[in-house]
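Residue-level structure breakdown
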Amino acid sequence: MSEFHPWLYEARGQKAVAALAKNGFDALYLPSAAQAAEKVLEYVGPGAKVGFGGSMTIKSMNIAALAEQKGAIILDHNRPGLGAEEKMEILRAQLTCDVFISSANAVTLEGFLFNVDGNGNRVAALSFGPKKNVVVAGINKVVKDLDEAYERLKAYAAPLNNKRLSKPNPCTTAGYCADCALPTRICRIYHILKRKPSLSDFTVIIVGEELGF
């Protein structure tokens, strides 16, 4: 990274933050993932039920382990060894947890949050239910508008997430979304938050580092 990248990241990040704030979100820019993790943990206390949206961004920040150290109850549907019924119970419990922590597929400079899900558990929680929502997005996810958000999904996020999940979908061969119709398709629910949901306590943290897919 050159000496000029921090300036560019902050300029873009602060513009996104200003737009998010205009749209009703509590939003802030932090230069590093370490600072962002520290901020996220301010919303977590002993006994709090904390849900996670399966984000690689949040996983890379070690938030679940840090929250558990603070005495939180971790609702992680990707925990190894879970049976199908146990996983479903956790997915449902996340919808009414104390703090739901996730990332976004893209954040636009218009202040919109763009996400695509397979099951819909993440976007359901982002819409309504948890007492507190916290979204953390690296600067690599800040895009100009929804057109660029869709393009980012097709060219980057979808192929990488399909590869990560070992899905036999065309994008894992071509490296680009084919808008497939296979039963294994994971891009099923397209979700845009143009304003903060009316009944939600919602914080968005833009980080001046590249994080996740």
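Heads up: the structure comes first, above all this text.
Relative to the elements of secondary structure, Ser55 occurs in the loop between strand E2 (49-52) and helix H3 (56-60). Put simply, Ser55 and Val135 are 80 residues apart on the chain and 10.0 Å apart in space, counted from C-alpha to C-alpha.

Another aspect to go through is helix H7 (residues 146-164). At Leu153, H7 shows its maximal kink, close to 45 degrees. Looking only at H7, the buried set comprises Leu146, Ala149, Arg152, Leu153, Ala157, Ala158, Pro159, Asn161 and Asn162. Buried residues along H7 sit against strand E5 (106-108), strand E6 (113-117), strand E8 (142-143), helix H8 (171-174) and strand E9 (189-193). Where H7 begins, the capping side chain belongs to Asp145, and its oxygen is found 3.3 Å from the backbone nitrogen of Asp147. Of the residues trailing H7, Ser166 is marked for its positive phi of about 55 degrees.

With that settled, the discussion passes to the sheet that holds strand E7 (residues 132-138). Spatially, E1-E10-E7-E4-E2-E3 is the arrangement adopted by the six strands of the open sheet, whose pairing is parallel. The outermost strands of the open sheet, each flanked by one partner alone, are strand E1 (26-30) and strand E3 (73-75). Averaged over all pairs of adjacent strands, the angle between their axes in this sheet comes to 20 degrees, without regard to strand direction. Sitting on the sheet, helix H1 (residues 5-22) is in contact with E1 and strand E10 (202-207), with an inclination near 175 degrees to E1. Set on the sheet, helix H2 (residues 33-41) makes contact with E1, strand E4 (99-102), E7 and E10; between it and E10 the angle comes to about 165 degrees.

Here the idea is simple: oppositely charged side chains can pair when their charged atoms come close. As enumerated under the stated definition, the model contains five salt bridges in all. With a shortest N-O distance of 2.9 Å, Lys132 and Asp201 are connected by a salt bridge. With a gap of 69 residues between them, Lys132 in strand E7 and Asp201 in the loop between E9 and E10 connect regions that are remote in the sequence. Here Asp201 falls in the partly exposed class, since its relative accessible area comes to 40%.

Attention now goes to the packing of aromatic side chains. What describes a pair of aromatic rings is the distance from one ring centre to the other and the angle between the planes of the rings. Tallied over the entire structure, the rule returns three aromatic pairs. Judged by centre distance (4.7 Å) and plane angle (65 degrees), the rings of Phe114 and Tyr150 are edge-to-face. In this pair, Phe114 sits in strand E6 while Tyr150 sits in helix H7, placing the two residues 36 residues apart along the sequence.

This part is about the nonpolar core. Ranked by internal contacts, the top residues of the largest apolar core, which has 25 residues, are Leu20, Leu113, Phe202, Val204 and Ile206. For this core, the elements supplying multiple residues, two or more each, are H1, E1, helix H6 (121-127), E7 and E10. Of all the elements, H1 adds the most residues to this core, at four residues. Ranked by size, the runner-up nonpolar core spans 24 residues in total, among them Met61, Val99, Val136 and Ile205.

Okay, a nonpolar patch on the surface next. On the surface, Tyr150, Tyr190 and Ile192 cluster together into a nonpolar patch covering about 240 Å² of accessible area. Position of Tyr190 relative to the elements: it lies in strand E9. Looking at Tyr190, the relative accessible area reads 36%, which means it is partly exposed.

This brings us to the sheet that holds E6. Overall, mixed pairing links the four strands, which are arranged E8-E5-E6-E9 in an open sheet. Of all strands in the sheet, those with a lone pairing partner are E8 and E9, marking the two edges. One ladder, built from five bridges, connects E6 with E9; its direction is antiparallel. Paired with Asn115 across the strands is His191, a residue of E9. Its contacts with the sheet put H7 on E5, E6, E8 and E9, and the angle it makes with E6 is roughly 35 degrees.

Cut-offs and rules
- Residues numbered from 1 in each chain as written.
- Predicted model: local features only at pLDDT ≥ 70, side-chain atom pairs only at ≥ 80, totals over all residues.
- Heavy atoms only, no water.
- Helix = DSSP H or I, 4+ residues; strand = E, 2+ residues; numbered from the N terminus.
- Bend = angle between axes of the 7 residues up to and from the residue.
- Buried < 20%, exposed > 50% of the residue type's maximum accessible area, 1.4 Å probe, protein only.
- Contact = heavy atoms within 4.5 Å.
- Polar contact = N/O pair within 3.5 Å; in protein donor to acceptor, adjacent residues only side chain to side chain.
- Pairing = 2+ DSSP bridges.
- Axes fitted to C-alpha atoms, helices over the stretch in contact; angles between N-to-C directions.
- Salt bridge = Lys/Arg side-chain N within 4 Å of Asp/Glu carboxyl O.
- Phe/Tyr/Trp six-rings, centres within 6.5 Å; stacked < 30°, edge-to-face > 60°.
- Core = buried A, V, L, I, M, F, W, Y, C linked by side-chain atoms within 4.5 Å.
- Patch = residues over 30% accessible without salt bridge, like charges linked within 9 Å, V, L, I, M, F, W, Y side chains within 5 Å.
- Areas by Shrake-Rupley, 256 points an atom, 1.4 Å probe, with all protein chains shown as cover.

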